[in-house]
Amino acid sequence: MKLSTCILTCAAACALQASAFEYEGLEYEDLGDGTAQLYSAASATGEVTIPATVYDTDGNAYTVVALRKSSFRDAQVSRVNLPETLRSIGSSAFAHSSVKYIKFNEGLETIDRNAFYNCKNLDNVVLPSTLKELGEMAFIYCESLMKIAIPEGITTLGMATFKECTRLETVELPSTLTNFEEQAFSTCYSLESMVVPEGTTVIPESFCYQCTQLSDLQLPSTVEEIRNGAFALCYGLEHLNLPNSVTTLLNGAFANCYNLQEVVVPSSVRTMGSDIFYQNASVKTITLGENVEVMGYGTLGTWEVLSDNSHQWVLTDIYSLNPVPPHFEYDGFARPEPDFFSLEEFTEEEKTRFYESVTLHVPDAALEAYRTASLWNEFRNIVGDAVGISSPTTIPAKVKAGDGNLHVSGLATGTAAMVYNTAGCLVATSTASTSGSVHFDSLPAGIYMVRTAGKSHKVMVR
């Protein structure tokens, strides 16, 4: 039995040897159909050009269509020019190599997982329009990469594709890309803006986790769920425009966004996990849409930690527009006793200060319901004016009132606009189209508050 195994192993090795050949200092492998793949270039240095056609020792010609997995792994190369015949780059093909520049060819269809894993010098990548598949972790730890444009046709971005590309500043995503896996851009510290394509329904876990320079976030009008820690530690976010399509916000989705100024949870949201706005030290006002039903623990506790490690509450007002007080559920993330205080160890004095300092605004008709509901009844100041609007301020958008109508322009696609009457009732809501505008018709004459992009504006309809 051992002898047979040995014979089979030797036979396989001989067959592999027979199919491999060397050409111009690099090893290739015959794929059996007149094509070949680069088998190994581990010893290559400097600039390398892979020809479209190679020849074995018998003079037989082969078209180069692939780079085998790990073919350039650890190679001390600076530049690699790929042939126009190449169709695929195998897994870990350039992992840990010193490559700085890759000339990709039109015709390339697949870049497999880990293809450029830890290529710390790679700083110039122009992906071809023919690319159809970009594997998970394809460019992970490429710390010199500064910009990337993903071509049309790519539909899925795998797990951690660009994780820890710490100098990546600019990303262009195609309209076809609507499926993202977790950590796609996690810890891209230099990333400044993100426009998620229309058609995307789920923002995955840790999608832009710790993208500390991210200041411009545009979510599509189709997004329904934002998962755990998707934008946690995004210090650059000052304004949050959640489209009126989101139904679920999960644990820590916007935790530690220290400069976020105000939070408006749209009317479409029904479920909120724990610690969504954990330790957001600048959020003073949170508005909960009228359909929020379920909340995790610690969702609304925004505070800053002082030099003596005590906690100072930043939040001053909660506007809860649902006439039925949302109830709290343990979701396995926060500690298993219901409260507003997340995972931090707060003293009883600090908790009391929270309930005394925050004003809870609710619909007039729901005053008694909140005063008797579990946890909500801890607030000392519950008032019946839940319009969800603070003092009117100027907003970048332009709001024009006509005879029985309102027109709002200058909005990002997917931004929700909500119209409230003087009684605080939501009378109309809509989402900006690709033209960046929203129009409301047939409004009775009167004074209205238009709420959009986290700001409010008072207008009069005649």
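Computed from a prediction, not measured in an experiment: that's the story for all the values here.

J.: What exactly am I supposed to notice about the overall build of the chain here?
T.: Summing up its helical and strand segments, the chain has three helices and 37 strands in all. The 462 residues of the chain split such that 52% are buried. Within the chain, contacts between residues at least 6 apart in sequence are counted, and of these 40% link residues at least 24 apart. Approximately 19700 Å² of the chain is accessible, and the part contributed by carbon and sulfur atoms is 48%.

J.: Just checking my understanding: could you explain the pattern of salt bridges for this structure?
T.: Side chains bearing opposite charge may pair, as long as their charged atoms lie close to each other. According to the stated counting rule, one finds eight salt bridges in the structure shown. In this structure, E47 and R79 form a salt bridge, with 3.6 Å as the shortest nitrogen-oxygen distance. Of the two residues, E47 sits in strand β4 (residues 45-49) while R79 sits in strand β7 (residues 76-81), which places them 32 residues apart along the sequence. When its relative accessible area of 52% is taken as the criterion, E47 is described as exposed. The salt bridge partner of K351 is E348, with a shortest N-O separation of 3.9 Å. Separated by three residues within a single helix, K351 and E348 lie in helix α2 (residues 348-357), roughly one turn from each other. In this structure E348 comes out as exposed when scored by relative accessible area, which is 58%.

J.: Looking at this structure, how should I read the side chain of S92?
T.: With respect to the helices, strands and loops of the structure, S92 is situated in the loop between β8 (88-89) and β9 (101-103). Leaving out residues up to four positions away in the same chain, S92 has contacts with S70, R73, R113, N114 and A115.

J.: Looking at this structure, I do not really get the sheet that holds strand β27 (residues 317-320). What am I missing?
T.: Within a sheet, adjacent strands bond to each other through the backbone by hydrogen bonds, running parallel or antiparallel. The five strands lie next to each other as β21-β23-β27-β29-β30, forming an open sheet whose pairing is parallel. Among the strands making up the open sheet, the edge pair consists of β21 (262-265) and β30 (381-383). This sheet shows a mean twist of 15° between the axes of neighbouring strands, independent of strand direction.

Conventions used here
Residues numbered from 1 in each chain as written. Predicted model: local features only at pLDDT ≥ 70, side-chain atom pairs only at ≥ 80, totals over all residues. Heavy atoms only, no water. Helix = DSSP H or I, 4+ residues; strand = E, 2+ residues; numbered from the N terminus. Buried < 20%, exposed > 50% of the residue type's maximum accessible area, 1.4 Å probe, protein only. Contact = heavy atoms within 4.5 Å. Areas by Shrake-Rupley, 256 points an atom, 1.4 Å probe, with all protein chains shown as cover. Salt bridge = Lys/Arg side-chain N within 4 Å of Asp/Glu carboxyl O. Pairing = 2+ DSSP bridges. Axes fitted to C-alpha atoms, helices over the stretch in contact; angles between N-to-C directions.

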